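Fold and geometry: a report
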Amino acid sequence: MIQFSESKQKEVEQIVARYPAGKQKSALIPVLHLAQQEFGGWLDVPVMDYVASLLQLKPIEVYEVATFYSMFNLKPVGKYMFEVCQTGPCMVSGCDDIIAYIGEKLGIKPGETTSDGLFTLKTVECLGACGYAPMMQMGKYYKEHLTREKVDQIIEECRREAARINN
Amino acid sequence: MARKLLLEKAHVENIRSYEVYRREGGYRSVEKALKTLSPDAVTEEVKKSGLRGRGGAGFPTGMKWSFLAKPEGIPRYLVVNADESEPGTFKDRYLMEFIPHLLIEGMIVSSFALGSNRSFIYIRGEYWWIVDILEQAIQEARNNGWLGKNILGTGFDCDIYVQRGAGAYICGEETALIESLEGKRGNPRIKPPFPAVKGLWDCPTVVNNVETIAAVVPIINEGGEEYAKIGVGKSTGTKLISACGNLNKPGVFEIDMTISVEEFIYSDEYCGGIANGKRLKACIPGGSSVPILPANLLLKTAKGETRYMNYESLSDGGFATGSMMGSGGFIVLDEDQCVVKHTYTLARFYRHESCGQCSPCREGTGWMEKLLLRLEKGQGKMSDIDLLWDIQRKIEGNTICPLGDAAAWPVAAAIRHFRDEFEWHVTNASEAITKNYGLAHYADPLLATA
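Residue positions within a chain follow its written sequence, with the count starting from 1. For naming, the first written chain is A and the first written ligand is 1, with later ones following in the order written. Confidence filtering applies because this is a predicted model: local features only for residues at pLDDT of at least 70, side-chain atom pairs given and counted only at 80 or more, and all residues used for totals across whole chains, interfaces and linings. To obtain the side-chain values, all non-hydrogen atoms of the structure were included, while hydrogens and water were left out.

Attention shifts here to the overall build of chain B. We count a stretch as a helix when DSSP gives it H or I for four or more residues in a row; a strand needs E for two or more, and each element gets its number in order from the N terminus. Scanning chain B from N- to C-terminus turns up 19 helices and 12 strands. For the radius of gyration, the atom set is restricted to C-alpha positions; the globular benchmark scales as 2.2 Å times the number of residues to the power 0.38. For chain B, the C-alpha radius of gyration of 22 Å lies close to 22 Å, the compact-globule estimate for 450 residues. Reported as C-alpha extents along the three principal axes, the dimensions of chain B are approximately 75 × 45 × 35 Å. Here the term buried applies to any residue with accessible area under 20% of the maximum for its type, exposed to any over 50%, and partly exposed to those in between, with areas from a 1.4 Å probe on protein chains only. Here chain B, with 450 residues, has 64% of them falling under the buried criterion. A contact between two residues is defined here by any heavy atoms of the two lying within 4.5 Å. Counting only contacts in chain B whose residues sit at least 6 apart along the sequence, the fraction spanning at least 24 positions is 70%. Put simply, chain B shows about 16000 Å² of open surface, and 51% of that area lies on carbon and sulfur atoms. Of the charged side chains in chain B, 51 are positive and 56 negative, and the gap between their average positions amounts to 3 Å. A 1.4 Å probe and the Shrake-Rupley method give the accessible areas. Residues count as covered only by the protein chains that appear here. Positive charges are assigned to Lys and Arg, negative charges to Asp and Glu, while His and the chain termini are left out of the count. A single reference atom marks each charge: NZ on Lys, CZ on Arg, CG on Asp, CD on Glu.

Here you go:
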């Protein structure tokens, strides 16, 4: 059964308390972020329905929001998601080479996930790090001034971390 | 050395922490405003300062505040727009990341002026780690009595909350931002009613950019008139510029708006010149939606006068030969860059970010992307260039929000100033796949008047 842990349920209550009474719909995007983190990195329909019931919304109100915003994943993604910016300023700073290199190294194309479920490669539009290009988002943080060497290093670190968790 | 009002202390060690920020003179403006000024007097100082909105439109902030409706018994809201998403723009991120208390301080004073007891920071979802930085600053401010009930014993209550977006450029448009904050898709609203009358939860609301609200701190500390003495004409105070592209020193700079574009690009105090010893080809001086200018028109106006880094000078010549200050996102292209390809990435961006509500934007941005990709790949026809021109004209001005204009302008300006590069992609199609057009005759100022 899909349910937030007790501490996460408290967090939801705190989020709802930011808004005036009856305006709990405002909590939808923050709670969807929380749900995506808690329930495997993406939003399955039962997860969205659970969020709807938590916030007393119709399921459609949740679906229409989840499908509008690009940070909500509507299908499973890898444990590590490489979201590489490809907009103008990153393009002139060499992002095409970085995207191709990551793809080659992981054996996947943008939009795909490696068969071991570890990595997803995604191209995204401007992330507001234009002066530190090429760059990508990985989870909560940005990886900036990317080079092939830096990409090697990041992939290596991810693999080591994943192995450590599995052991 | 230009005067710094916002980032002066940004590099003091541990300035992120309350203790250091306070020791360096932080929160003085809250004391001054709440204890010695009325809300209207604060607004008056902001009016006197000549501060213009730093998000892109450049609308006078004091005037925006004075439009706020104040019906009895209905709450009013301040919402800070931290949805920084205009390609080339990363200044608000810098401010929030390195000196978060400046934003919180500015918000308390602004909330007092507007009568907002519950204010929000709407931050783009990708700036995930900055949410923690801001929430810590808010917590510290609350612990030290700058937020909460009865602040400084004045009877003024105020709380600040951070709301994370989830990846939608359109939510930087103020009515889309409000929709998003209400838990909906970011579809812009038809105006009027303006947010000042009917905004968040149908209550009177002011939406201001991060940098705008931070600038309220020096305005209150020094007085509006003193602030207005910095800069030139209607470009008062200082401006954060985020510079990127083929530069030796890309980054965020605080300028007073009296320096020339040439000084900004080439001086070591700022961008330190073009990277790798290349020559300057073109620049988008105010974020991706403002017109691109070839080097000659960037450094000098069509009349041959020096161009300066301020609102008036950057827009000198209108869209025919000028551009805009916009959000201060300064994108520089060197001689090796392809304007067609660069414009294609921007068209793709706007297609991706169109909310889909208005058909000229929804359909037009897709058409522009496809045509530009075809031209870039050497598969275009000469008539594609005219078709592109036609499409952008049919988008501009025909949509609910300015995203349509923002998508149309970069395409229009690229064709206006770089038409021969577009044509070369058709006439020399096989070459265009492997080579770039380079500088060719863009040094010719006559090109600019096409």
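What follows picks up the thread again.
The next subject is the packing of aromatic side chains. Paired rings are identified among Phe, Tyr and Trp, the last through its six-membered ring, by centres lying within 6.5 Å, and are further divided according to the angle between planes into stacked (under 30 degrees), edge-to-face (over 60) and tilted (the rest). Within this structure, the stated rule accounts for 31 aromatic pairs over all chains. Plain terms: the ring middles of Tyr69(A) and Phe72(A) are 6.4 Å apart, the flat faces sit at 80° to each other, and that makes the pair edge-to-face. When its relative accessible area of 1% is taken as the criterion, Tyr69(A) is described as buried. An aromatic cluster is present here, built from Tyr19(A), Tyr77(B), Phe120(B), Tyr161(B) and Trp201(B) joined pairwise through their rings. A positively charged side chain is recorded as over a ring if its NZ (Lys) or CZ (Arg) lies within 6 Å of the ring centre. The angle to the ring normal must also be within 35 degrees. Here the basic side chain of Arg164(B) rests over the ring of Trp128(B), its NZ or CZ set 4.2 Å away from the ring centre.

Our next topic: the domain arrangement of chain B. All names here are of chain B. When the domains of chain B are assigned, the result is domain 1 (18–229), domain 2 (235–334) and domain 3 (339–434). In this assembly, 16 residues from domain 2 lie in contact with 13 residues from domain 3. Accessible-area loss on putting two parts together, using a 1.4 Å probe and summing over both, is the definition of buried area adopted here. Carbon and sulfur atoms make up 71% of the surface buried where domain 2 meets domain 3, a total of about 1200 Å² over both sides. Broken down residue by residue, the surface that domain 2 buries against domain 3 is led by Ser 289, Ile 292 and Phe 319, which jointly contribute 41%. Any Lys or Arg side-chain nitrogen located within 4 Å of an Asp or Glu carboxyl oxygen qualifies as a salt bridge. At the surface where domain 2 touches domain 3, the tally comes to one salt bridge. Between Glu 421 and Lys 281 there is a salt bridge, with its nearest N and O atoms 3.0 Å apart. N or O atoms within 3.5 Å of each other form a polar contact, as long as, within protein, one can give a hydrogen and the other can take it, and as long as residues adjacent in sequence are counted only when both atoms are side-chain atoms. Here domain 2 and domain 3 share four residue pairs in polar contact (both at pLDDT 80 or more) between them. Secondary-structure elements contributing two or more residues to the side of domain 2 that touches domain 3 are β10 (280–284), β11 (293–294), α14 (318–321) and β12 (329–334). Considered class by class, the residues forming the side of domain 2 that touches domain 3 number 12 nonpolar, three polar and one charged. Per the annotation, domain bounds derive from an automatic or database assignment of domains. Lys, Arg, Asp and Glu make up the charged group, whereas Ala, Val, Leu, Ile, Met, Phe, Trp, Tyr, Cys and Pro make up the nonpolar group; the residues left over, Gly among them, are polar.

Residues and elements named next belong to chain B. When DSSP finds two or more bridges between a pair of strands, those strands are recorded as paired. The strand order across the open sheet built from five strands is β3-β4-β2-β1-β5, with neighbouring strands paired in mixed fashion. Bordering the open sheet on either side are β3 (148–151) and β5 (205–209), each of which pairs with just one other strand. Averaged over all pairs of adjacent strands, the angle between their axes in this sheet comes to 25°, without regard to strand direction. The pairing of strand β1 (residues 77–82) with β5 spans five bridges and is parallel. Of the residues in β5, the one forming a bridge with Val 79 is Val 207. Comment: axis = line fitted to C-alpha atoms, over the contacting stretch for helices; angle = value between 0 and 180 degrees taken between N-to-C directions.

All names here are of chain B. Relative to the elements of secondary structure, Ile 138 occurs in helix α7 (residues 128–143). Measuring from C-alpha to C-alpha, the distance between Ile 138 and Val 162 comes to 9.2 Å, with 24 residues separating the pair along the chain. Apart from residues no more than four positions distant in its own chain, Ile 138 is found in contact with Ile 104, Leu 147, Ile 160 and Val 162.

One frequently used descriptor of interface size is the decrease in accessible area upon assembly of the parts. Of the residues lining the interface, 42 residues belong to chain A; the matching set on chain B comes to 57 residues. A per-residue breakdown of the area chain A buries against chain B is headed by Arg18(A), Phe68(A) and Lys140(A), which together make up 17% of the total. Counting across the interface, chain A meets chain B through four salt bridges. The partner of Arg93(B) in a salt bridge is Glu144(A), with the nearest N and O atoms 2.8 Å apart. Scanning the region where chain A abuts chain B turns up 25 residue pairs in polar contact (both at pLDDT 80 or more). Secondary structure elements with two or more residues in the side of chain A that touches chain B: α2 (28–38), α4 (59–66), α5 (88–92) and β4 (141–143) of chain A. In terms of residue count, α2(A) provides more of the side of chain A that touches chain B than any other element does, five residues in total. Partitioning the side of chain A that touches chain B into residue classes produces 21 nonpolar, 13 polar and eight charged.

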